Amino acid sequence: MNYWLMKSEPGTYSWDDLVKDKKTIWDGVRNFQARNNIKAMKKGDMAFIYHSNEGKDIVGIAKITKEHFPDPSAEDWAVVEIAPVKKLKKSITLADIKANKKLANMVLVKNSRLSVQPVKESEFDCIMKMSQD
DNA sequence: GCCAACGTTGGC
DNA sequence: GCCAACGTTGGC
């Protein structure tokens with residue numbers, strides 16, 4: 001089981017949109033590193049949904065329901081299908097993450113521009129714990 | 001709205 | 001193959 005973090009601007013596609021849609025094709029990735037991560041995703045993996053620009057917080061967890069296949073609108077790129085699992089009781093902001101020493105090495109902190117990034121199990125667990133407050 | 005950081009492009 | 005120029009992302 002692997003963990004990921006996927007970014008979206010809520011004005012473009014938010015957590016609420018995902019809940020409303022029940023599932024979605026995660027498209028629009030146009031970065032090689034992000035594409036590699038998309039391709040590494042396995043069915044059943046978990047992914048945080050992070051709102052960039054507005055909110056700057058992790059709002060919920062989705063799971064990968066279909067492994068990568070070519071983007072219908074751009075063959076050279078890859079997409080996965082995801083479905084919402086649950087909303088975090090308390091969303092975790094970028095400031096919360098930066099304030100936690102255990103999360104100092106998260107890709108979100110180190111390489112904030114990568115739109116699809118891996119999350120370590122320890123980081124995932126830590127954020128889950130933080131969201132319980 | 002600004003700008004730093006990063007990725008990509010293209011000239012040499 | 002290097003690197004300057006450019007475009008984009010995203011935090012502030």
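Coordinates for the structure precede this section.
As the structure is a prediction and not an experimental result, all values here were calculated from the model.

What counts and what doesn't
Residues numbered from 1 in each chain as written. Chains lettered and ligands numbered in written order. Predicted model: local features only at pLDDT ≥ 70, side-chain atom pairs only at ≥ 80, totals over all residues. Heavy atoms only, no water. 1 Å grid on protein atoms, 1.4 Å probe; cavity = no way out; pocket = protein on both sides within 12 Å on 5 of 7 lines; lining within 4 Å. Points joined across faces, edges and corners; volume = space filled by probe spheres on them. Helix = DSSP H or I, 4+ residues; strand = E, 2+ residues; numbered from the N terminus. Nonpolar A, V, L, I, M, F, W, Y, C, P; charged D, E, K, R; others polar. Near = heavy atom within 4 Å. Polar contact = N/O pair within 3.5 Å; in protein donor to acceptor, adjacent residues only side chain to side chain. Buried < 20%, exposed > 50% of the residue type's maximum accessible area, 1.4 Å probe, protein only. Contact = heavy atoms within 4.5 Å. Arc of directions from axis to C-beta.

Peer 1: Help me out: how do you make sense of the layout of surface pockets in this one?
Peer 2: Any empty space left between the atoms is revealed when a probe the size of a water molecule rolls over them. Its volume calculated, the largest pocket comes out at about 310 Å³. If you go around the largest pocket, you meet 15 residues; those closest to its centre are K7, S8, T12, W26 and D27. Contributing elements (two or more residues each) for the lining of the largest pocket: strand 1 (3–8) and strand 2 (24–26). Ranked by the residues each element gives to the lining of the largest pocket, the list is headed by strand 2, at 3 residues. A class-by-class count of the residues in the lining of the largest pocket yields 5 nonpolar, 6 polar and 4 charged.

Peer 1: Would you explain the protein's contact with DNA strand B in this entry?
Peer 2: With respect to spatial proximity, the complete set of residues near DNA strand B consists of N31, F32, Q33 and R113. When the atoms of DNA strand B within 4 Å of the protein are sorted by group, sugar and phosphate make up 50%. Contact between DNA strand B and Q33: a phosphate oxygen at 3.2 Å from a side-chain N or O atom of the residue. R113 is positioned such that a nitrogen or oxygen atom in its side chain is 2.2 Å from a base oxygen of DNA strand B.

Peer 1: What should I look at first to understand the protein's contact with DNA strand C in this one?
Peer 2: All residues adjacent to DNA strand C are K7, Y50, S52, N53, K56, L94, K98, S112 and R113. K7 is positioned such that a nitrogen or oxygen atom in its side chain is 2.9 Å from a phosphate oxygen of DNA strand C. Between a phosphate oxygen of DNA strand C and a side-chain N or O atom of K98, the distance comes to 2.9 Å. Broken down by class, the residue content of the surface near DNA strand C amounts to 2 nonpolar, 3 polar and 4 charged.

Peer 1: So what exactly am I meant to see when it comes to helix 5 (residues 121–130) here?
Peer 2: Owing to its 3.6 residues per turn, the α-helix brings residues three or four apart onto one side. Listing the buried residues of helix 5 in full gives E123, F124, C126, I127, M128 and M130. Next to the buried residues of helix 5 lie strand 1, strand 3 (46–51), strand 4 (57–71), strand 5 (74–93), helix 3 (94–99) and strand 6 (116–119).

Peer 1: Help me understand helix 2 (residues 32–40), please; the structure alone is not making it clear to me.
Peer 2: Turning to helix 2, its buried residues number three or more, namely A34, R35, N37 and I38. Around the axis of helix 2, the buried residues are gathered within 160 degrees of arc, so they sit on the same side. Its buried side turned inward, helix 2 meets strand 1, strand 2, strand 4, strand 5 and strand 6.

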